[in-house]
Amino acid sequence: MLKPRKLENKVVFITGGNSGIGQACAFEAAREGAKVVVADLPNSEHQGTINALELLGAACLFVPIDVSDVESVKNAIITTVAEFGRLDVALNNAGIGGPYSGIHDMDEQEWEKIIKVNLTGQFYCIKYELQQFLKQGGGVIVNMSSLAGLKAERGLVPYTAAKHGVLGITKNIAVQYGEQQIRANAICPYYIETPFLKGVSQDNKHIWEELSPMKRLGKPEEVANAFIYLASDDSSYCNGTQIILDGGVMC
Ligand SMILES: NC(=O)c1ccc[n+]([C@@H]2O[C@H](COP(=O)([O-])OP(=O)(O)OC[C@H]3O[C@@H](n4cnc5c(N)ncnc54)[C@H](O)[C@@H]3O)[C@@H](O)[C@H]2O)c1
């Protein structure tokens with residue numbers, strides 16, 4: 001007998017869906033029967049992702065978005081609902097890293113840029129996703145934080161602050177909207193092998209591998225499995241919390 005799919009006909013909206021973790025989540029959502037909206041920067045070369053989703057049999061759509069621009073976020077949600085009629089699951093995943101720096105000599109513009117994408121951008125997305133969920137009578141939010149949302153990532157100051165903030169917003173959604181059938185949870189990964197780590201030296205990667213009890217970094221597909229759990233009814237009483245995917249680093 002075929003196993004029932006966990007996101008059959010659900011409309012799943014993924015920011016940063018054209019690369020790395022977001023793309024792996026898009027593919028897994030498609031395998032679980034979802035209609036998938038890949039939201040990413042307007043200039044992203046998205047045809048490969050869309051072709052792969054179509055091969056998996058998914059109804060899918062690319063929508064251009066810059067999460068740091070509120071109008072673009074609003075339009076992306078409007079386009080999603082115009083195309084698929086509703087929104088069931090939102091994965092707020094788009095994010096950028098940043099240069100390592102002391103706090104005392106941190107460049108203010110660098111701070112603004114990272115906070116704008118990684119924290120304010122999450123707020124913009126959540127605001128318009130919630131408006132749609134309230135109209136429909138429910139929905140699920142999954143926010144991409146990081147291990148840097150739970151502990152300091154030495155030198156990545158605005159990144160650490162933003163990812164802690166993401167967990168703060170997640171908890172607020174849980175306490176403010178639980179009664180409206182809206183759930184929100186977060187994922188906190190350690191280093192995951194994606195284009196996010198391009199530019200990182202092999203030496204640094206090796207140090208990070210050694211810090212993990214499992215002696216390796218994570219894979220985007222391993223994050224996608226956690227996403228499917230949080231997006232689906234499997235986690236129906238899970239609200240305002242986070243899944244740590246770190247191979248045991250925090251132990
Ligand atoms: N890879 C890791 O080691 C790691 C670890 C912990 C958390 N994370 C988080 O996971 C998320 C995804 O990271 P990834 O590893 O897949 O990286 P990635 O670089 O492969 O993908 C990030 C995606 O976000 C998009 N993006 C960037 N800025 C955007 C913006 N302003 N508006 C819309 N889209 C934008 C990019 O175009 C890209 O498609 C990020 O939030 C990151 O902070 C990554």
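Note that the structure is a prediction, hence the values are computed from the model and not measured.

Caption draft 1: Spotlight on the overall build of the protein. When helices and strands are tallied, the protein shows seven helices and seven strands. Helices and strands in the protein line up, N terminus first, as β-α-β-α-β-α-β-α-β-α-β-α-α-β. Each principal axis of the C-alpha atoms in the protein carries an extent, and together these give about 50 × 40 × 35 Å. Residue burial in the protein is summarised as follows: out of 251 residues, 43% are buried. Sequence separation of 24 or more characterises 72% of the internal contacts of the protein that already satisfy a separation of 6 or more.

Caption draft 2: Broad picture of the packing of helix α4 (residues 108-136) against helix α5 (residues 157-177). It is at 9 Å that the axes of α4 and α5 come closest, and there the two elements cross at 15 degrees. Considering their axes alone, α4 and α5 lie roughly parallel with respect to each other. Considering how the two elements wind past one another, α4 and α5 form a crossing that is right-handed. Along its contact with α4, which presents Glu110, Trp111, Ile114, Ile115, Asn118, Leu119, Gln122, Phe123, Ile126 and Leu130, the element α5 presents Pro158, Tyr159, Ala161, Ala162, Lys163, Gly165, Val166, Ile169, Ile173 and Tyr177.

Caption draft 3: Focus on the packing of helix α1 (residues 20-31) against helix α7 (residues 220-231). Relative to each other, α1 and α7 sit at 55 degrees, their axes nearing to 8 Å. Accordingly, the angle class assigned to the pair α1 and α7 is oblique. In this structure, α1 crosses over α7, and the sense of that crossing is right-handed. Contacts between α1 and α7 involve Gly20, Ile21, Ala24, Cys25 and Glu28 on the former and, on the latter, Pro220, Glu221, Val223, Ala224, Phe227 and Ile228. Residue classes in the contact of α1 with α7 are distributed as eight nonpolar, one polar and two charged.

Caption draft 4: Focus on the environment of Gly95. In this structure, Gly95 sits in the loop between β4 (89-92) and α4. Gly95 gets classed as buried once you count the C-beta atoms within 10 Å, which come to 25. Remark: the alpha-carbon pair of Gly95 and Lys163, spanning 68 residues in sequence, is separated by 9.7 Å.

Caption draft 5: Structural detail: the nonpolar core. Membership of the largest hydrophobic core comes to 66 residues, with the highest contact counts inside it found for Val12, Ile14, Val36 and Phe227. In terms of residue count, α4 provides more of this core than any other element does, eight residues in total. Discounting residues that sit within four places of it in the chain, Val36 has contacts with Val12, Ile14, Ala26, Ala29, Ala30, Leu53, Ala58 and Cys60.

Caption draft 6: The arrangement of the site of the ligand in detail. The immediate surroundings of the ligand are formed by 29 residues, with Gly16, Ser19, Gly20, Gly95 and Phe196 found nearest. Elements that contribute at least two residues to the shell around the ligand include exactly α1 and α4. When grouped by side-chain class, the residues that make up the shell around the ligand number 14 nonpolar, 13 polar and two charged.

Caption draft 7: Region of interest: unusual backbone geometry. In this structure, Asn9 is a non-glycine residue whose phi angle is positive, near 65 degrees. Among the secondary structure elements, Asn9 is positioned in the segment before β1 (11-15). The exposed category is assigned to Asn9, around which 12 C-beta atoms lie within 10 Å. Phi angles above zero are rare outside glycine, and Lys215 is one such case at about 60 degrees. Within the fold, Lys215 resides in the loop between α6 (202-211) and α7. Here Lys215 falls in the exposed class, since 10 other C-beta atoms lie within 10 Å of it.

The rules behind these values
- Residues numbered from 1 in each chain as written.
- Predicted model: local features only at pLDDT ≥ 70, side-chain atom pairs only at ≥ 80, totals over all residues.
- Helix = DSSP H or I, 4+ residues; strand = E, 2+ residues; numbered from the N terminus.
- Buried ≥ 20, exposed ≤ 12 C-beta atoms within 10 Å, placed from the backbone.
- Contact = placed C-beta atoms within 7 Å.
- Axes fitted to C-alpha atoms, helices over the stretch in contact; angles between N-to-C directions.
- Parallel < 35°, antiparallel > 145°, perpendicular 65-115°, else oblique.
- Left-handed = near helix turned anticlockwise from the far one by under 90°.
- Nonpolar A, V, L, I, M, F, W, Y, C, P; charged D, E, K, R; others polar.
- Core = buried A, V, L, I, M, F, W, Y, C linked by C-beta atoms within 7 Å.
- Near = placed C-beta within 6 Å.

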